[in-house]
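Coordinate inspection notes
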There are 4 protein chains.
Amino acid sequence: MIIVLKPSATEEQIDHIVEKVTDLGLRTDVSKGSARTLIGVIGDEDKIRSAPLQAFPGVEKVMPILKPYKLASREMQEEPSVVDLGHGVKVGGGNLMMIAGPCAIESEERLRSIGESVKASGANVLRGGAYKPRTSPYSYQGMGEEGLKILQSVGNDLGMPTITEVMDPRQVHVVAEYADVLQIGARNMQNFNLLKEVGESKHPVLLKRGMSATVKDLLMSAEYVLAGGNKDVILCERGVCSFDKSTRNMLDLAMVPNVKETCHLPVVVDPSHATGRPELIPSMSLASVAAGADGVHIEVHDCPEEAMSDGPQALLPEQYAEVMEQMRKLAEVLGRSIPEPLVAV
Amino acid sequence: MIIVLKPSATEEQIDHIVEKVTDLGLRTDVSKGSARTLIGVIGDEDKIRSAPLQAFPGVEKVMPILKPYKLASREMQEEPSVVDLGHGVKVGGGNLMMIAGPCAIESEERLRSIGESVKASGANVLRGGAYKPRTSPYSYQGMGEEGLKILQSVGNDLGMPTITEVMDPRQVHVVAEYADVLQIGARNMQNFNLLKEVGESKHPVLLKRGMSATVKDLLMSAEYVLAGGNKDVILCERGVCSFDKSTRNMLDLAMVPNVKETCHLPVVVDPSHATGRPELIPSMSLASVAAGADGVHIEVHDCPEEAMSDGPQALLPEQYAEVMEQMRKLAEVLGRSIPEPLVAV
Amino acid sequence: MIIVLKPSATEEQIDHIVEKVTDLGLRTDVSKGSARTLIGVIGDEDKIRSAPLQAFPGVEKVMPILKPYKLASREMQEEPSVVDLGHGVKVGGGNLMMIAGPCAIESEERLRSIGESVKASGANVLRGGAYKPRTSPYSYQGMGEEGLKILQSVGNDLGMPTITEVMDPRQVHVVAEYADVLQIGARNMQNFNLLKEVGESKHPVLLKRGMSATVKDLLMSAEYVLAGGNKDVILCERGVCSFDKSTRNMLDLAMVPNVKETCHLPVVVDPSHATGRPELIPSMSLASVAAGADGVHIEVHDCPEEAMSDGPQALLPEQYAEVMEQMRKLAEVLGRSIPEPLVAV
Amino acid sequence: MIIVLKPSATEEQIDHIVEKVTDLGLRTDVSKGSARTLIGVIGDEDKIRSAPLQAFPGVEKVMPILKPYKLASREMQEEPSVVDLGHGVKVGGGNLMMIAGPCAIESEERLRSIGESVKASGANVLRGGAYKPRTSPYSYQGMGEEGLKILQSVGNDLGMPTITEVMDPRQVHVVAEYADVLQIGARNMQNFNLLKEVGESKHPVLLKRGMSATVKDLLMSAEYVLAGGNKDVILCERGVCSFDKSTRNMLDLAMVPNVKETCHLPVVVDPSHATGRPELIPSMSLASVAAGADGVHIEVHDCPEEAMSDGPQALLPEQYAEVMEQMRKLAEVLGRSIPEPLVAV
C-alpha cells in the first residue's frame, strides 16, 4: 500500500500516519520526492486494508498494491479448479459444462421433452428456473418447490446434473435437496447473506456476474462463498449494463481470459441473457468457446411463443443442435472437447 | 402496445398474431404502411405484457406504450405521498427528511454523541448501520442486534425516528422491532424476496437505487413493496455506476425531477455514498435541495479516522452544521423548510 | 510514479528498469516488500510518462502519482481564472455566465426576438448555432457564415457577447471573425487538431465535456488549448453517456466541485443538452447554481415546434424568465449574482 | 412513426398534429385506445424525422419505426459488401483483412522489419500511425508526412496495402496520396466534417466505433461517408467505455453479428485497443474470428519497451505468428480463410 500525501502535508501529519501504521504491526518507508511525499507500507496489507487511512489529515490518496481477494487468486492456487457437478460431469481444466434448458420450468412434459432434445445434442447440464427473479411483481414468479421436483425427476431420468436459481437464504436448503448446482443470479451477486448461506452448502455454486460488477467485484463475491468453506465455485459472464440498448446487456467476453489470468475458478458464458436476441446467440456461443470459456449456458425452448418467461431469447432445439455441432468443431481445434451428440446431427 | 412486423411478414403470420391477441381479450388495429405493417393492441396492456409476442414469427419488435408500474405512478395518485416516520417527522409534500449519523453503529457513546450533534444542527432522522453489506468477507460486518438496541435507545432519548439497513428477509422482523424506517440498500434493490418481505411490514421503507438501475427499474422495485400492501415507500438516489472513477459513483440528480414527473413517492438524495468524497458533499447537498429532493442523507462521524466503515466519506459534526445552515437558507428561498438548529450555529 | 513488479521479477529485470529510469535523468527508490518489490521514481515525472514502462519485463503495473495536466491545475494557479467575454461580461471568480438562445440560428428576425427576450430576463451571453453537428447526414446542417453574420449583428445590437460552435479547424478563422466565444462541442472534445487551432486563437473557448470523457480527459483537452497559448478556457458539463435512457444524457453535477478542487478554470453547466427534456431543465438549472457552477447554458426558442434543431428541449422565453428569477434568488443566498432582468418579471 | 399522446391531449391538439403531418405530405391513422390516443404516420418517415413533433402540445412521446440509416442497411443491399483494398487484397464476403503493424511509424528500418515479420505470418494489410491522436499535448504526436512516405515505401516493397489514421479534414489529401486505406479513429467517429471529406475520397475508409457510440450511431456515421459517394466503408469495433477499468475498454463482440443483421458493410475487430493488455489479445482475436468478424487488427512491435506509443499493448512478432496460426485453424473450421504464412511456423 502506498500513501500519497498532499503537497501541504506537515511533519506532524506524517508522524501521525507512521505511528498508526506501526501500531498495526507494519513497517513504513517514507520517501520524500520533489512533488509529493509517499509512505510505503511494508508487511501484511490486509491488516491495514480496513483502516480508514484516506480520512487521515494530510493524505491525498491511498493506493493498494495487492489484490483484495485471496482464496480465489492464482497466487493461492496456480492450477485451474475442476468442479465435480455429479453424474460424472466436471467443469474446468479442459472439461466443458454445456448448460441448456428452458428459462422457467413449466411442466414435467415440457421439461422432459426439452431435456431429451438438448441431451441428444450433447448438453451435459440441465437448467430450469423454479424461483424466478422478475422485474415486475405482476410477472410469472415460477413454480417453486413443485418445479424443483420436476427438475430432479427429469435430471435423474436423463442422467444429467441440474442447475437452478436460488434467490433467498431461506430457499438454499430446499433447492439443495432437489438440484445439483445452485445458481446465484446477477441481481443477487452482492446479496452477501445469500453468498454466506451457499458458502456453507456442499453443492457447487454458479455465480453470475452482476450488471454493474467489475471483475474484482465478482471475485470478491466468489471470495465470500470460498471463505464460507465451499470450494466449488463457477463464475458466469452474462453481460453487463451499457449505454447501447440494441442488445439486452453487453457481453464482456474479454472477462474470460481476464479472470483466468488472476483466478483459478472455471468461467462459463451465458450468451442468452447477455444478448437477449436469439439471432446473436450462435456467434456469441462460438466466440465464448474461442475465448477460452469452460462452458456455455443457452436457453432452449421448444415453443418460445408459449414460454412463461424470456421466450423471445430462447433457441429452438434444432437451432441448439446446430450451434453445439459448430462449437464441438471449434473446441476440437482448440484442444478441448464437447460431449458427442447422442444421435448424428 | 404496438407490434411492428418484419417487411417479410406473411398474411398467415399476421392472422396468427391477431388471433393470439384476441384470445387474450384485447382488440387489434392492423395498419399496413408503406414500409411496415403495424398491429396496435387496444385494451388492457397488462393482459399481454407477459406474453412473449417478440417470439412470434414475423415480429420485428414490440413497443409498449404504457408504463409497467401502476401503484407508484402519478396516474394512480396525483398528489405527492407524505410518509409518517414517527416522532412527529414526515417526509414528502414539502416536508424534508434530513438523515444523519455514522455509517456503522460502533458503540452507544459514539452514536449518542454524534446523534446529539446532528440533532443540534437540525437533523430529524438518525441513521446507523447494524448489518453492513461489505464487498469483502474480511471487512467489518456490523454489530447486529446489539447495534439495533443502541440505535433504538439513542433514537428514543433524542426523540428522533431511526433508520437502518435490512439485508435479509430473515432480518426484517428483528430490525422492525427496534428501528422506525427500514432501509433497502442499493445492492438489494432487486432482491425481490426482501422487497416482498418489507412489503408486508408496517414500517416505512427507504429504497435505494441500484448501481445499474434505471429510473424505471427503481419504480418497479418500489411497485413490489407497494403491491405487498406497504404504501410508505421513500426512494433514494445514491449514485450509479459510470466510466469515471474520480467519484465513487455518479450522482444522477436529474433523477429527482424525473421521478417526480411520473411518481408520487418522496425522493431523498444521499451525496455521501454517491461521491465518496467529503469535499464534494456540501455542494451536492445544496444541489439536492435545489433539485427538489424531499430530503438529504449525510454520513457524519466525529472521528473519521477511527470509523469502522466508510470513515473517509463522513463529514465532521461541525461541517454538517455548516451545510445544514446553507441548505436551510436555500430551502427557505424555495418555499420549503428544514428544521431549525437547536442552538444557533 | 511507482513501478510495481511481479512476484516473479528477477534482479536482472530490476536493474534493467533502474538503468532505464536513471538514463532519463531521474532517481529511483527500490523497496522490497513482503509480497512485491516497488520502484519509486523520484524527479520530474513528465520525463518518464511517455516511456512504455508497462512493457518492461517484470513489471506488473505502473501507478502515476501526479496529475498529467499542469497549466489547468490548481497547483499551477491557485486563484480561480476570470475570463473576459467582451461587452463587459466576465465569467469565473463569482461572475456568472448566463448563456441563452436557440439551438440553431434560423433567421435574423427570430434570433433578434429570442435575444431580446432572454436579455430582458438577464441572460448575458447570446448563443446560436451556425454549423450544426448532426448525427444524421440528412438532418439540417446550419446556415453557416450567413448565420454567423446574423449572430454578430444581433449580439452587437443587444450589447451581448455571442457564442457559437466551431466544428472544423478550417472554420476557426471565420467563426472568430464574427463571434466572441468559440464553442467546442462534446463530439469534438478530443478532436486534437481543432483544439490546437483554437489554442492559437485570441478568443475565449468554451469546451464541452465529451459523452464518455472522464474529468481527467476533459482537463487534458483543456490542457491542449492552454498549451497552445490561449488562457481563456471555460469548461462545460452537458451530460455523459449512461445506461438509463430516460434522459438524453446523465448530468454529472458533482463534476462541478470535483473540477474546481483540482482546476482553476470556470465551469458552466448545460442542462438543456444533458436532460433533453424541458420539464427537467428548471430544477437542474437551480441545482447547477447551488452546486457552484459559474454559469448556466439554456436553449430558448419562441416556437419550439418550428425549430430546425432540438426544438423539443428548448424552453419558451417566459419559462426562461421564470427560471432566471429563481436562479437569481438562489445565487443571492449563496453570495453570487445573476444580472437583474431589464423589466420586472 | 407512432405519436403517443398524453392522456390529457385535447381534440384541438390532435387536429393540430394531424394537420402538420398532412402538410408534410403524409397520411395519419388516429387510434383512440382505452388509455392513450395514438397517431400512426403513414408514408415516407424521413420527411417527418426532423420535424420536432415531440415539441407539439399534447404529445407524450414519438416512437420511430424505421431505421434512420439507409445506404448502410441490408434493406438497401442484401449482399455483404466486398471492399477492394489494393494489391489484390479484399475484405468482406468471406475475405479476411488481417491488419498488423506498429502503433506509430518510428523509422523506416523498424517498420520494414515489423512489416516483413507480420507478412511472413500471413498479415495482408500493414498499419502504422503518422498522425497520432494523443490524450496529452505533451505526448509524441507522430512523424507526419515523413512517416507516410515510409509507410508507402514499405507497403510497396512488401506488396501490402497500407492503412493509417487521418485526424483532420486538411490531412485527407496528403494521407490519400501515400496510403491505401484511410482510418477514422474512435475519437473522430462523429467529426462530421472529416466524415464528409473522406466521403469524397476514392480510398476505402476504416471507421472505428467511438467510445460511447451505439451501433446505431456508428451506422449513422458510416452513412455520412456513404452519402458522400464513397461506398468502400469498413467498420471496426475497438471497445467502448465501461465501468470496469481492468481492461482499457470493453470489447463489444456481439456488435459483430448485431451489425451484420442490419448492415452490409464488413466489420473488423481491434482487440489491441479494446483490451490494452497483450495477454488478453490472443483469446480475443480467436473470439473475433469465431464471432464472424471480417478481419482482425493487431498492433505488433519488435521491441515494445522502445515504442513511441502504446508499446505495452503490442504483441511481439513471434506472438503474432502464433495467434495467426490459431486463427487460421479456426477460420478453416468455419469455412473462411486467412492467408497462409510465407514460412511454416
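Residues numbered from 1 in each chain as written. Chains lettered and ligands numbered in written order. Predicted model: local features only at pLDDT ≥ 70, side-chain atom pairs only at ≥ 80, totals over all residues.

The two copies are related by a screw operation: chain C maps onto chain B through 180 degrees of rotation and 0.0 Å of translation along the axis, at an RMSD of 0.1 Å. Here the symmetry operator amounts to a two-fold rotation axis. In terms of proximity to the rotation axis, the leading residue of chain C is Ala 287 of chain C, whose C-alpha is 2.1 Å off the axis. Looking at the interface residues of chain C, 97% of them are also at the interface in chain B, so both copies use one shared face. (Least-squares fit on C-alpha atoms with pLDDT ≥ 70 in both. Contact = placed C-beta atoms within 7 Å.)

Right, let's get into unusual backbone geometry. Although it is not a glycine, His 87 of chain B adopts a positive phi angle of roughly 50 degrees. Considering the arrangement of structural elements, one finds His 87 of chain B in the loop between strand S5 (83–86) and strand S6 (89–91). (Helix = DSSP H or I, 4+ residues; strand = E, 2+ residues; numbered from the N terminus.)

At the interface, 33 residues of chain A touch 33 residues of chain D. Counting residues per element, the side of chain A that touches chain D draws most heavily on helix H10 (residues 281–291) of chain A, which supplies 7 residues. Grouping the amino acids of the side of chain A that touches chain D by side-chain chemistry returns 18 nonpolar, 9 polar and 6 charged. (Nonpolar A, V, L, I, M, F, W, Y, C, P; charged D, E, K, R; others polar.)

With that out of the way, let us pick up the packing of helix H10 (residues 281–291) of chain B against helix H10 (residues 281–291) of chain C. At a minimum axis distance of 8 Å, the contact between H10 of chain B and H10 of chain C shows a crossing angle of 155 degrees. Judged by the inter-axis angle, H10 of chain B sits roughly antiparallel to H10 of chain C. For the pair H10 of chain B and H10 of chain C, the sense of crossing is right-handed. For the pair H10 of chain B and H10 of chain C, contact is made by Ser 283, Met 284, Leu 286, Ala 287, Val 289, Ala 290 and Ala 291 of chain B and by Ser 283, Met 284, Leu 286, Ala 287, Val 289, Ala 290 and Ala 291 of chain C, respectively. (Axes fitted to C-alpha atoms, helices over the stretch in contact; angles between N-to-C directions. Parallel < 35°, antiparallel > 145°, perpendicular 65-115°, else oblique. Left-handed = near helix turned anticlockwise from the far one by under 90°.)

Relative to chain D, chain A is turned by 180 degrees and slid 0.0 Å along the rotation axis, the superposed coordinates differing by an RMSD of 0.0 Å. Take the interface residues of chain A: 100% of them recur as interface residues in chain D, which is what a same-surface contact looks like.

Segmentation of chain A into domains returns domain 1 (2–63) and domain 2 (83–333). Centre-to-centre separation of domain 1 of chain A and domain 2 of chain A, based on C-alpha positions: 44 Å. (Domains from an automatic or database assignment.)

All names here are of chain B. Here helix H6 (residues 192–199) crosses helix H7 (residues 215–227) at 40 degrees, and the two axes come no closer than 7 Å. The angle between H6 and H7 places the two elements in the oblique class. Crossing geometry of H6 relative to H7 is assigned as right-handed. Facing Phe 192, Leu 195, Lys 196, Val 198 and Gly 199 of H6, the residues of H7 in contact are Ser 221, Tyr 224, Val 225 and Ala 227. When its residues are assigned to classes, the contact of H6 with H7 shows 6 nonpolar, 2 polar and 1 charged.

For the rest of this paragraph, the subject is H10 of chain B. Residues and elements named next belong to chain B. Within H10, 11 of the 11 residues are buried, which leaves it mostly tucked inside the rest of the structure. Those residues of H10 lying buried are Ile 281, Pro 282, Ser 283, Met 284, Ser 285, Leu 286, Ala 287, Ser 288, Val 289, Ala 290 and Ala 291. Directly beyond the C-terminal end of H10, a positive phi value near 105 degrees is found at Gly 292. (Buried ≥ 20, exposed ≤ 12 C-beta atoms within 10 Å, placed from the backbone.)

Before going further, it helps to examine the interface of chain C and chain B. At the interface, 33 residues of chain C touch 32 residues of chain B. Residue assignment for the side of chain C that touches chain B shows that the elements contributing at least two residues are helix H7 (215–227), helix H8 (255–262), helix H9 (271–275), H10 and helix H11 (317–333) of chain C. Sort the elements by how many residues they give to the side of chain C that touches chain B and H10 of chain C lands first, with 7 residues.

Residue and element names in this part refer to chain D. Read from one edge of the open sheet, 4 strands run S2-S3-S1-S4, paired in antiparallel fashion. The open sheet has two free edges, formed respectively by strand S2 (27–32) and strand S4 (59–63), since each of these has just one partner strand. Adjacent strand axes in the sheet meet at a mean angle of 20 degrees, parallel and antiparallel pairs treated alike. Direction of pairing for strand S1 (residues 2–5) relative to S4: antiparallel, over a ladder of 4 bridges. (Pairing = 2+ DSSP bridges.)

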